[in-house]
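Below, each chain spelled out in residue letters.
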Amino acid sequence: GRDEDRSELAAAHEQATAMLAECTERARVLRTAERESARDLAARRARAETLSEAARRGADASAALVADPARFGGVVGSFAARLRVAEGYEVAIAAALGAAAEAVAVVGLDAAAEILATLRRDDAGGASLVIAQAAPATSPAPSALATPSAPHGSGTIPANELVRAPDGLAEAAAELLCDVVVTADLEQARRYVRDNPGFKAVTRDGDLLGAYWAQGG
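Sequence order sets the numbering: in each chain, residues are counted from 1 along the sequence as written. Where local features are concerned, this predicted model is filtered to residues with pLDDT of at least 70; where side-chain atom pairs are given and counted, the filter is 80 or more; whole-chain, interface and lining totals use all residues. Where side-chain values are given, they derive from all heavy atoms of the structure, hydrogens and water being excluded.

*Asks:* Hey, could you go over the overall build of the chain for me, with residue numbers and the actual values?
*Replies:* What the chain contains, in helices and strands, is 6 helices and 10 strands. Burial here depends on accessible area, computed with a 1.4 Å probe over protein chains only, as a share of the maximum for the residue type. Under 20% is buried, over 50% is exposed, and the range in between is partly exposed. A burial count over the chain gives 29% of its 217 residues as buried. Look at the contacts in the chain between residues 6 or more apart in sequence, and 61% of them connect residues 24 or more apart. Counting every atom, the chain has about 13,900 Å² of accessible surface; 54% of that belongs to carbon and sulfur. In this text, helices come from DSSP runs of H or I with a minimum length of four residues, and strands from runs of E with a minimum of two, each type numbered from the N-terminal end. Here, two residues are considered to be in contact whenever any of their heavy atoms come within 4.5 Å of each other. The accessible surface values rely on the Shrake-Rupley method and a 1.4 Å probe; as for residues, cover is taken only from the protein chains in view.

What follows is the structure, encoded as structure tokens:
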């Protein structure tokens, strides 16, 4: 009868209301997801453009410096190639030198400033430079430098004792490594830096630990 019809209509209305609410909620979720996706896409595009610009401007120009000395006056060559490092400590010294391990050696402050100005003017990328206070001696050749002997024992070792550099670059190498010691492991590095916060400690595996900066892994 009529009561049954009313009950069916009420049930159908309730079902339709529930379906409408469900569809409304799904639409809201989809709109939210669409907005978030649009924001994420815009952020990714902006990051890609930023990275592309950084790559263009920050491209390593070291090879160009070494290959074209006529264009860049005062270039000596690869800094690391002119060093001699005690056997087994190459990784530690490279980590201790940081960007200087990939740097180009140049003669004097004026040459360094001119090179940086040229790179920026020509939009030719960037480079790290180690500045020699005088032109490194050509005799003896870098290959004739005596390689330091690897030390014995497991104590901390001043990084400077593990490196030899030719005249002209020896002062720069000493300055770059003057506050670094080499340790057997991270635990020894942690103890040393805790007691000597003005120093950095680098392990033979290349983990660098300082009071305010650490790098490795």
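*Asks:* Could you give an account of the packing of aromatic side chains, with specific residues and numbers?
*Replies:* Each Phe, Tyr or Trp ring (for Trp, its six-membered ring) is paired with any other whose centre lies within 6.5 Å, and the angle between the two planes then decides the class: stacked below 30 degrees, edge-to-face above 60, tilted in between. All chains considered together, the criterion is met by 1 aromatic pair. For the ring pair Tyr192 and Phe199, a centre distance of 6.1 Å and an interplane angle of 90° mean the geometry is edge-to-face. For Phe199, a relative accessible area of 32% translates into the label partly exposed.

*Asks:* Just give me the short version of the sheet that holds strand β9 (residues 208-209), but keep the residues and values in it.
*Replies:* The sheet built from 5 strands is open, its strands ordered β5-β7-β8-β9-β10 with mixed pairing. One side of each edge strand has no neighbouring strand; the edge strands of this open sheet are β5 (157-158) and β10 (214-215). To get an axis, fit a line to the C-alpha atoms, keeping to the stretch in contact for a helix; angles then go from 0 to 180 degrees between the N-to-C directions. Relative to the sheet, helix α6 (residues 186-195) contacts β7 (180-183), β8 (200-203) and β9, its axis offset from that of β8 by approximately 175°. In this scheme, strands are said to pair when DSSP sees at least two bridges between them.

*Asks:* Can you explain the environment of Val202? Please cite residues and give values.
*Replies:* Tracing the chain through its elements places Val202 in strand β8. Residues contacting Val202, with those up to four places away along its chain left out, are Ala92, Ala95, Ala96, Val180, Val181, Val182, Thr183, Asp207 and Leu208.

*Asks:* Pulling in residues and values, what's your account of the pairing of β8?
*Replies:* When β7 meets β8, the two strands line up parallel, connected through 4 bridges. Following the sheet pairing, Val182 is matched in β8 by Val202. Between β7 and its parallel partner β8, the chain crosses via α6, and the hand of that crossover is right-handed. The hairpin turn running from β8 into β9, its antiparallel successor, is 4 residues long, and Gly206 in that turn takes a positive phi close to 95°. When the strands point away from the viewer, a crossover counts as right-handed if the path from the first strand over the helix to the second runs clockwise.

*Asks:* Describe in detail the pattern of salt bridges, supporting the description with residues and values.
*Replies:* For this document, the term salt bridge refers to a Lys or Arg side-chain nitrogen within 4 Å of an Asp or Glu carboxyl oxygen. Inspection of every chain in the model, using the stated rule, returns 7 salt bridges. The salt bridge partner of Asp122 is Arg71, with a shortest N-O separation of 2.7 Å. Residue Asp122 is found in the loop between α4 (109-121) and β4 (129-132), and its partner Arg71 is found in the loop between α2 (62-67) and β1 (75-78); the two are separated by 51 residues along the sequence. Residue class for Asp122 comes out partly exposed when judged on its relative accessible area of 34%. The salt bridge involving Lys200 is made with Asp179; its shortest N-O contact spans 2.9 Å. Of this pair, Lys200 sits in strand β8 while Asp179 is found in the loop between α5 (170-177) and β7, placing the two residues 21 residues apart along the sequence. Asp179 sits in the partly exposed class, given a relative accessible area of 23%. Salt bridges linked by common partners bring Arg71, Arg121 and Asp122 together as one network.

*Asks:* Could you give an account of the nonpolar core, naming the residues involved and the relevant values?
*Replies:* Judged by nonpolar contacts, the single largest core of 29 residues is most densely connected at Phe79, Leu97 and Val202. Elements with a contribution of two residues or more to this core: α3 (90-97), β4, α5 and β7. Take this core: its biggest share by element is 5 residues, from α3. As used here, the term nonpolar core means buried Ala, Val, Leu, Ile, Met, Phe, Trp, Tyr and Cys residues forming a set that is joined through side-chain atoms within 4.5 Å.

*Asks:* Hey, could you go over the confidence of the model for the chain for me, with residue numbers and the actual values?
*Replies:* Scored between 0 and 100, pLDDT is the confidence that the predictor attaches to each residue. Chain-level pLDDT for the chain is 83 on average; 85% of the residues reach the 70-or-more range. Considering only residues more than four positions removed or in separate chains, one finds that residues 50-58, a stretch of pLDDT under 50, has 6 contacts.

*Asks:* Describe α4, listing the residues and the values that go with them.
*Replies:* To estimate the expected span of a helix, count its residues, drop one, and scale the result by 1.5 Å. In this model, α4 (13 residues) spans 18 Å end to end at C-alpha, consistent with the 18 Å of a helix rising 1.5 Å per residue. Every buried residue of α4 is accounted for by Ala111, Ala112, Ile115, Thr118 and Leu119. For α4, the angular spread of buried residues about the axis comes to 130°, placing them on one side. In α4, those exposed residues whose orientation departs by more than 90 degrees from the buried face are Leu109, Asp110, Glu114, Arg120 and Arg121. Immediately beyond the C-terminal end of α4, within one or two residues, lies Asp123, with a positive phi of roughly 50°. Throughout, the arc means the angular range of directions from the helix axis out to the C-beta atoms.

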